[in-house]
Amino acid sequence: MGEKQNEEPLQADWVEELTRRKALLGAFVGSLVAAYAVITSFALRFIFPTREPTPPRRIFIGFTREIGAGESKSMPLPSGDQLIVSNTGRINPDTGSPYIGFSNQCPHLGCKVHWQGKEQQFLCPCHQGVFNPEGTATEGPPAAANQKLRSYPIALDGQSMYVLIEEDV
Amino acid sequence: MVRAITQVGDWLKTRVPLDQDFLVAAGSEPIPGHLARWWWCIGGTPAYLFSVQLVTGILLTFYYVPSPEYAYESVQAIVTEVHFGWFIRSIHRWASHLMIVALLLHMMRVFFTGAYRAPREINWMVGCGILLTTLGMGFTGYSLVWEQLSYWGATVAGNILNAVPVVGPDLADFLRGGPTVGQSMLTRLFVFHIGALPTVLIGLIAVHIYLVRSLGVSELGSPKSDDAKTFPFIPDHLFSEIVLALFLMFLLTCLALIFPAGLAEKADPLTTPEHIKPEWYFFWAFRWLKLMSDQAAIITQGLFIGTIVAWPLIDGWIRRRSPDSELSIRFGAAGVIFLLILTVWEALYLLH
Amino acid sequence: MSLDQKQRVIVVLALFFLAALLIVAWVEGGRARVIRAADAVVTAENAECIDCHRVKSPGIVGQWEISTHARTGIGCLQCHKAQEGDIDGYDHEGSFIATIVTPRDCAECHEAETAEFEASHHADAGKILGSLDNVLAEVVEGFTRFDDAGNKVEASAAAVSGCLQCHGSEIKVLENGKLDPATWPNTGIGRINPDGSRGSCSACHLRHNFSRAQARMPENCGRCHLGPDHPQLEVYTESKHGIAFAANRTRFEPMMEEKNWIPGKDFEQGPTCTTCHMSATKNLPLTHDVGERISWTLRPPVSEKIDAAALKQGLQVKAWEDRRDDMKDVCQSCHAPEWVNNWYVQYDGLVTLYNDKFGRPSTELYQMARAEGILTDTQFDEELEFTYFFLWHHEGRRARHGAAMMGPDYTQWHGMYEVAHRFYMEFVPQLKEAIEHNRTGANAAGARRLQAKLDEVLNSDHHKWFLGKMSAGEIAARKAAAEQFKQRYAQ
C-alpha cells in the first residue's frame, strides 16, 4: 500500500481495494458496528432508570374482625397518603374479599371522603361528590370530571389484612 | 431510490457547503512513514481515552449527586443499583488511569525524539497544559467520590496550596470555596471536573491537534530505510487509530470486569485515616513534600515544572552553543528516573 | 502493517471486545440487585410507645426497627395489647397491655407454626416440674417452702435460674397484677402462660427482631441443648456438619435471613440444627414440631422408639418409621441413600449396645434395689442413686447423642467409656456394698434376690469378661488381633 505518490487522490484506489474483498469488508464493518452497538445499548440501559417490578410492600392494617360489614378503618401510609379500608359486606368476585382500599383524598379539591356502609358509597362532604365501591365518581364535581379515588389492593392472610403498596425505588 | 439519495445529497450540499477537494486532500494527507510505528500512535491514545471519559462522565452525571450527604451514596447507588453502573464507573476510573499513563508515554516519546524543537515549542507547552489539566481532572474526579481519601486528600491539597508564597491562602480559599472542606468545595470540584476543566482540555486538545496538523508531523533525525515513504491519513493511519481504539475498549472492558472500581470508607470529617495518600500520579509530589518544608517543596516543584514547560527554549539555548549536544536526552532521562524513584519510594512506604 | 492486515486485526479486536461485552452483560444479568431495606412503619397507635421507649429502652425500639414486623407496620400494640379479662393485663400510659406475649398471641398471624409447636415436645418442656430433675433442683440443690395449703411460697433458686429458664416456668400473676419474680422473667420453651397456652416463641426467636437467621444459628438451640446431660451443641460442633458450617458461616450469614434456606438448593453444605430438625427441604415443608423427624428418644434410662410411649397409651401418633423416612429425606439433600442407610445401622447399633449392655441391666438392678427396700425412699440420699443417675442421665445420654449427631469423641470418651467406667467401677461395687449391708436383717431375702440378679447380669455375654470368664476362643482371637496390630505398626 502507498506505492502511488501522495499528490494524486488515492481515494479511488483504496476504496476499490477495500470493496473488492466484500467478505472482509463485511466482517470489518459488521464487527465494529456490532461491538459499538452493544456498548451503546449498555449506555442506554444505564440511563434509563430501573423500573423492574419490585414486589409490592405489605403493610399490616389489622384483623378482619376489626372491620365489620359496612364499617371502615382509616390509617396513614408511609407515603403520607391516608388509606381508608372498607368492608362492603359483599364478596367481590374479582378479589374474593369484601374489603376495598382507597386513598381518602377526593380528586376534586382534596377533601377527605367518608365511607357510607348503608349506601355502599364514598361521600365527599365538601361538594357532595359520590364514589362507588370501585372508586369511580358517580355524582358531583368529580363525576363530571370522570375522576376516581386512588385504589390500594387489600390482601388477606388468614385473619390479617394487609395493604399492598408499590415501593419507590 | 438512487435519485432520491442524490436529491437529498444536493439539498444538503447547498445548505452545508463542504469543499470536496479540501476533504479529499485532508484525508489523503501524507503521513511520514515512521508514524506507522505504533509508538507514534500514543498521541492519539489519550485523545481517544478523553472521548471515552466524556461519554462515560456524562452518563455518570445522570446519577451523581454533588453534596456531602449524598455523593458517596449516589456512587454506591450507581455501582449497586443502576444497570451497568458498575461497568460504566469502572471504565471511567480505569480510563482515567490509562489516559495519564498514555499522556506520560506520549510526552516521553515526543521528548526523546526531540519533537518539541523549533517550530514546535508552543505546541510542547500546550501539551504540558494538557497534562496538567488532566492531572487536575484526576484530582477533582477522585475527590467527588467523597471517600475518606477524597476528603482528606482534598484537605491536604488545600493545606499545600496554602503554602504557596504570597497567593497561597487565597488559592486555598478559592479551591475550597471557603475556609473548610465541605459542600462549597465539593460543588467547586464538581464544576471543575464536569465544566471548567473539560472545556479547557477540549480547547487545548484542539489547539494541539491543529498545531500538529499545520506544523506537520516532525521528521525523524535519522530516518530508517522504510521510513522514507509516506502513507495516507485515510485509510491507513485512520485504521491504525481504529485498531488502537478497539484495543483500548477491549482492555478497558477486561479491566472493568476483573478489577472493578470499588468503594472505600465514606468520608468522615471526624476521623483522620492513618495513611492519607493521593492517587499514584501524585506520589512523586507527595514524597517530594515529605523531604522538605511545604514552602521549599512548592517552590522547587514549581521550578521543576517550569523547567519542563520551558524545556524547548532551554534546549534551544543549549543547542545554539553545541549543536550536537545530547544533554537534553541526559536531562530527560535523569528527570524520568528522578520522578520514578520518588513515585516508587512513596508507593513502597505505603505498602508496609 | 498493510491495510489488509489492519482490517483483519480490527475484526479480531472487535470480536474480542464484543466477547468481553457479552461477559459484562452476563455479569450484569447475574447481579442481585440491592433492594433497599424499607423503613420501619410506625402506625399512629404505636407512635407514643415508640417515642417514649426510644428514650427509655432504645434497645427494644432498635431491635424492632430492623425487624420484618416493623417493615409491615406491625408494632407494639399488635402483640402487647391485652384483651379485657386477661389476668396479666394492666393499664400502661393509656393502653391496656400485657408484658408477656404468648404463643396464642403470635398465633393470630402465625397460626400454623404455633399449632405445630404446641403439638411438639418443646411445648411439653414444662413437664419437668414433676420429674426427678425437679427433685434435684428443688430439694437436693435448693430449697422450696410450702404453706399449710400446699402452695409454694418459696421457690428453689436453682430451679428458677437454672432448670426453668430452659424448660419454662409456670407464670404466676400476683394480686396486684404484677408477675411473680420466681416465675418471670422466663422465656423457657415450655413456659406455662397465664392465658393457658404453653411455650414461648421468643425462646428461639429473640425479641424484638425475631430474625430467621438468628433462629437458624446453632448457638440458638445451644442455649439449652448443651451440657453434660445432653451435649447436642458440643456434639454438633465436633461433627463434620458443624465444621462445614463453621467454615462457610460468613458466606452463609447474609443469606440465612431469607425465607427459604433449603439444603442442597440454597446452600450446599453445613446444615445447622434447624436444617435437619425443622427446615423445609425440596420435598418436605417447614415444621415447628421438632419431633417430626426423630426416631429414637434418647432421654430415658433405656432408649425406645419415640412413638412407643404414646402407643402404649393408645394414642395415635406419627410412626417412628415415617419420622425416620422424613429425616432421611433431609440427609439425602447431600448424602446418597446407601450412606444414609448405613449410617442409621451404625446409630441403631450404638443405641442398642447402650440399651442392652448398660441401660437395661442397670435400670433393672436399680429398680429392684428400690423395690426390695435396699434403697431408702428418699431420692438422692445415697451414693448409688447418684451413680445410677449419672450413668443414664449424663454419660449414657452423651454416648447416645454422640452417635446420633456424628460426634465420635462424645460417643466414645465422653460417652461409652465413661458409661462403662461408671458401671463397673462405681455402680456394681456400690450395689455389692448395698447388698452386703442388707445380707443380714429385715431385707435379707431381697438382698439375696438382688445378688442373684446381679450375678445373672455379670455372667451374661456382655459382662462375663469382668469376671474373668472370657471364653478361650475369644481370648485367643483377641491375642491374635493384638499381634497383627503390632506387626502392622511395628517400627
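Calculation rules
Residues numbered from 1 in each chain as written. Chains lettered and ligands numbered in written order. Predicted model: local features only at pLDDT ≥ 70, side-chain atom pairs only at ≥ 80, totals over all residues. Heavy atoms only, no water. Pairing = 2+ DSSP bridges. Helix = DSSP H or I, 4+ residues; strand = E, 2+ residues; numbered from the N terminus. Disulfide = S-S within 2.5 Å. Contact = heavy atoms within 4.5 Å. Axes fitted to C-alpha atoms, helices over the stretch in contact; angles between N-to-C directions. Parallel < 35°, antiparallel > 145°, perpendicular 65-115°, else oblique. Left-handed = near helix turned anticlockwise from the far one by under 90°. Nonpolar A, V, L, I, M, F, W, Y, C, P; charged D, E, K, R; others polar. Buried < 20%, exposed > 50% of the residue type's maximum accessible area, 1.4 Å probe, protein only. Polar contact = N/O pair within 3.5 Å; in protein donor to acceptor, adjacent residues only side chain to side chain. Buried area = accessible area lost by both parts, 1.4 Å probe. Salt bridge = Lys/Arg side-chain N within 4 Å of Asp/Glu carboxyl O.

Draft legend 1. Representation of the pairing of strand S2 (residues 72–76) of chain A in the model. Residue and element names in this part refer to chain A. Across five bridges, S2 lies against strand S3 (residues 82–87) in antiparallel orientation. Bridge pairing links Ser-74 to Ile-84 in S3. Taking the residues that link successive antiparallel strands as the turn, the S2-S3 hairpin has five residues, and the phi of Gly-80 there is positive, at about 105°.

Draft legend 2. Expanded view of the state of the cysteines. Under the defined criterion, the tally for this structure stands at one disulfide over all chains. A sulfur-sulfur distance of 2.0 Å marks the disulfide that ties Cys-111 of chain A to Cys-126 of chain A. Its torsion about the S-S bond being -100°, the disulfide of Cys-111 of chain A and Cys-126 of chain A is classed as left-handed. Of the two residues, Cys-111 of chain A is situated in the loop between strand S4 (99–103) and strand S5 (114–116) and Cys-126 of chain A in the loop between strand S6 (121–124) and strand S7 (129–131); the sequence distance between them amounts to 15 residues. With no disulfide of its own, Cys-76 of chain C has Cys-49 of chain C as its nearest cysteine by sulfur position, at a separation of 4.1 Å.

Draft legend 3. Up close: the side chain of Ser-143 of chain B. Mapped onto the secondary structure, Ser-143 of chain B falls in helix H6 (residues 121–144). Beyond its immediate sequence surroundings of up to four residues, Ser-143 of chain B is in contact with Ser-150, Leu-186 and Leu-189 of chain B.

Draft legend 4. Inspection of the packing of helix H2 (residues 22–47) of chain A against helix H1 (residues 3–30) of chain C at higher detail. It is at 9 Å that the axes of H2 of chain A and H1 of chain C come closest, and there the two elements cross at 30°. Taken together, the axes of H2 of chain A and H1 of chain C are roughly parallel relative to one another. Seen along the crossing, H2 of chain A lies across H1 of chain C with a hand that is left-handed. For the pair H2 of chain A and H1 of chain C, the contacting residues are Leu-24, Leu-25, Ala-27, Phe-28, Ser-31, Leu-32, Ala-34, Ala-35, Val-38, Ile-39 and Phe-42 of chain A in the first and Asp-4, Gln-7, Arg-8, Ile-10, Val-11, Ala-14, Leu-15, Phe-17, Leu-18, Leu-21, Val-24 and Ala-25 of chain C in the second. When the residues that make up the contact of H2 of chain A with H1 of chain C are grouped by side-chain class, the tally is 19 nonpolar, two polar and two charged.

Draft legend 5. Broad picture of the environment of Trp-86 of chain B. Within the element layout of this structure, Trp-86 of chain B appears in helix H5 (residues 85–112). By relative accessible area, which is 8% here, Trp-86 of chain B ends up buried. Here the alpha-carbon distance between Trp-86 of chain B and Pro-260 of chain B, two residues 174 residues apart in the chain, equals 7.1 Å. Those residues in contact with Trp-86 of chain B that sit more than four places away from it in its chain are Ile-78, Val-79, Ala-256 and Leu-257 of chain B together with Val-24, Val-27, Glu-28 and Arg-31 of chain C. Among the polar contacts made by the side chain of Trp-86 of chain B, one reaches the side chain of Glu-28 of chain C at a distance of 2.6 Å.

Draft legend 6. Looking closely at the interface of chain A and chain C. Contacts between chain A and chain C engage 29 residues on the former and 26 residues on the latter. For the pair chain A and chain C, the two sides together bury roughly 2600 Å², of which 68% comes from carbon and sulfur. Put simply, chain A and chain C have one salt bridge between them. Residue Arg-65 of chain A pairs with Glu-108 of chain C through a salt bridge whose shortest N-O separation is 3.0 Å. Broken down by secondary-structure element, the contributors of at least two residues to the side of chain A that touches chain C are helix H1 (11–20), H2, strand S1 (57–63) and strand S11 (160–165) of chain A. At eleven residues, the largest contribution of residues to the side of chain A that touches chain C is made by H2 of chain A. Residue classes in the side of chain A that touches chain C are distributed as 19 nonpolar, four polar and six charged.

Draft legend 7. Region of interest: the sheet that holds S4 of chain A. With antiparallel pairing, four strands are arranged side by side in an open sheet as S2-S3-S4-S9 (chain A). Edge positions in the sheet fall to S2 and strand S9 (151–152) of chain A, since each has one partner strand and no second.

Draft legend 8. Looking closely at the sheet that holds S1 of chain A. Residue and element names in this part refer to chain A. Taken together, the three strands give an open sheet; going across it, the order is S1-S11-S10, and neighbouring strands pair in antiparallel fashion. Single-partner strands in this sheet number two, and they are S1 and strand S10 (154–157). When the angles between neighbouring strand axes are averaged without regard to direction, this sheet yields 35°. Alignment of S10 against S11, held across four bridges, turns out to be antiparallel. Counterpart to Ile-154 in the pairing with S11 is Val-163.

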